[in-house]
Each structure stands twice: as structure tokens, then as C-alpha cells.
Amino acid sequence: MSILLLLNGPNLGILGEREPETYGTDTLADIEEAVADEVGPAGWEVRSVQHDGEGELIGAVHRSRHDTVGAIVNPGALMIAGWGLRDALAAYPRPWIEVHLSNVWARERFRHESVIAPLASGVLVGLGAYGYVLAARALVHRGAGDA
Ligand code: DQA
């Protein structure tokens with residue numbers, strides 16, 4: 001069984017209640033289900049991990065280095081200065097896609113730079129929860145498991 005890592009950073013565990021005008025009304029459980037539905041036909045399972053702390057996220061990336069086929073990463077605000085997470089992802093050997101629910105480019109200036117994005121296979125922003133589904137589709141399409 002191939003496993004896709006779905007990694008969500010700080011404040012993403014309260015999706016659905018958190019600023020719904022910006023992040024939508026889907027909960028993290030809704031997103032997990034949508035991603036699982038997307039990759040299921042390819043025979044993939046989803047390992048969903050959400051932490052508010054960078055250290056726990058780094059640990060999750062380390063533990064998934066050898067048994068996952070790819071990852072979807074929403075680093076939340078760690079996009080801005082999450083150098084430790086960035087370095088963990090640099091050592092992650094599979095393709096991964098950065099996702100942001102909101103269009104960070106249309107928001108405050110401090111959200112306009114990501115230390116994570118230059119390492120990603122691709123980046124999806126501003127498409128809400130559907131961005132995760134599209135990222136999952138892209139990873140299956142490129143055959144992340146064969147990478
Ligand atoms: C976010 C965008 C980030 O700037 C913000 O800090 C978040 C959510 C998004 O999904 O739109 O926590 O990653």
C-alpha cells in the first residue's frame with residue numbers, strides 16, 4: 001500500500017471555525033476525506049498529520065521519509081520563516097506539493113514569501129480545500145510512487 005503524507009501546520013487543526021471568510025468552512029477532516037477519495041482509486045492511503053509546533057512537523061517528515069510516496073504540505077505561517085521545516089523537507093526524498101487555501105499573494109506582504117516553496121514540486125494557492133484535491137491528483141498523475 002502506498003502512503004501519501006498530508007501535512008498541515010499551525011492553526012490548521014481548527015479549519016472550519018477559523019476565519020471561514022478566508023479559509024472556507026471545510027474542516028481538516030473534510031479535507032482528509034476528499035484527499036483519500038482522490039487517491040483511493042490509485043491504491044494510495046493518506047497519513048494525515050497536523051501539529052501547531054514546528055518540531056513535531058519536522059519529526060513527522062523524518063518518520064515519513066522512507067514509507068511514503070509523496071506529500072502535500074500546508075505549512076501555514078511556517079511558510080514565512082520555518083527554516084527547520086524547510087530543511088526537513090529538503091531531506092525528504094519524494095515529490096511534494098505546497099498548498100495554501102487562501103491566495104497568499106492577495107494578502108498581507110508578510111505572506112508573499114515562502115522559504116518552503118523553492119523546494120516544492122509545485123505550489124497551489126487560493127483554491128480553498130479543492131487545492132488539496134488537485135495536489136493529490138497531480139502527485140498520482142506524476143506517479144509519485146515511482147519517483
Ligand atoms: C495558509 C496561509 C498562511 O499565510 C497562514 O498563516 C495560514 C494558512 C493558507 O492555507 O491559506 O495559516 O497557509
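Just above, that's the structure.
Being a predicted model, the structure only gives us computed values, none of them experimental. (Residues numbered from 1 in each chain as written. Predicted model: local features only at pLDDT ≥ 70, side-chain atom pairs only at ≥ 80, totals over all residues. Heavy atoms only, no water.)

Caption draft 1: Broad picture of the site of the ligand. The environment of the ligand is formed by Arg18, Tyr23, Asn74, Gly76, Ala77, Met79, His100, Leu101, Ser102, Val104 and Arg111. Contact between the ligand and histidine 100: an oxygen atom at 2.7 Å from a side-chain N or O atom of the residue. The separation between an oxygen atom of the ligand and a polar side-chain atom of arginine 111 is 2.8 Å. In isolation the ligand offers 320 Å² of accessible surface; the protein chains occlude 99% of this area. (Near = heavy atom within 4 Å. Polar contact = N/O pair within 3.5 Å; in protein donor to acceptor, adjacent residues only side chain to side chain. Areas by Shrake-Rupley, 256 points an atom, 1.4 Å probe, with all protein chains shown as cover.)

Caption draft 2: Inspection of the side chain of glutamate 98 at higher detail. Inspection of the secondary structure assignment puts glutamate 98 in strand E4 (residues 96-100). There is no salt bridge for the buried glutamate 98, and the closest opposite charge comes from arginine 86, which lies 10 Å off by N-O distance. Here the side chain of glutamate 98 touches serine 114 through a polar contact of 3.1 Å, side chain to side chain. What glutamate 98 contacts, discounting residues up to four positions off in sequence, is Val73, Pro75, Met79, Ser114, Ile116, Ala117, Ala120, Gly122, Val123 and Leu124. (Helix = DSSP H or I, 4+ residues; strand = E, 2+ residues; numbered from the N terminus. Buried < 20%, exposed > 50% of the residue type's maximum accessible area, 1.4 Å probe, protein only. Lys, Arg positive; Asp, Glu negative; His and termini not counted. Salt bridge = Lys/Arg side-chain N within 4 Å of Asp/Glu carboxyl O. Contact = heavy atoms within 4.5 Å.)

Spatial relationships are all this shows, so hold off on functional conclusions.
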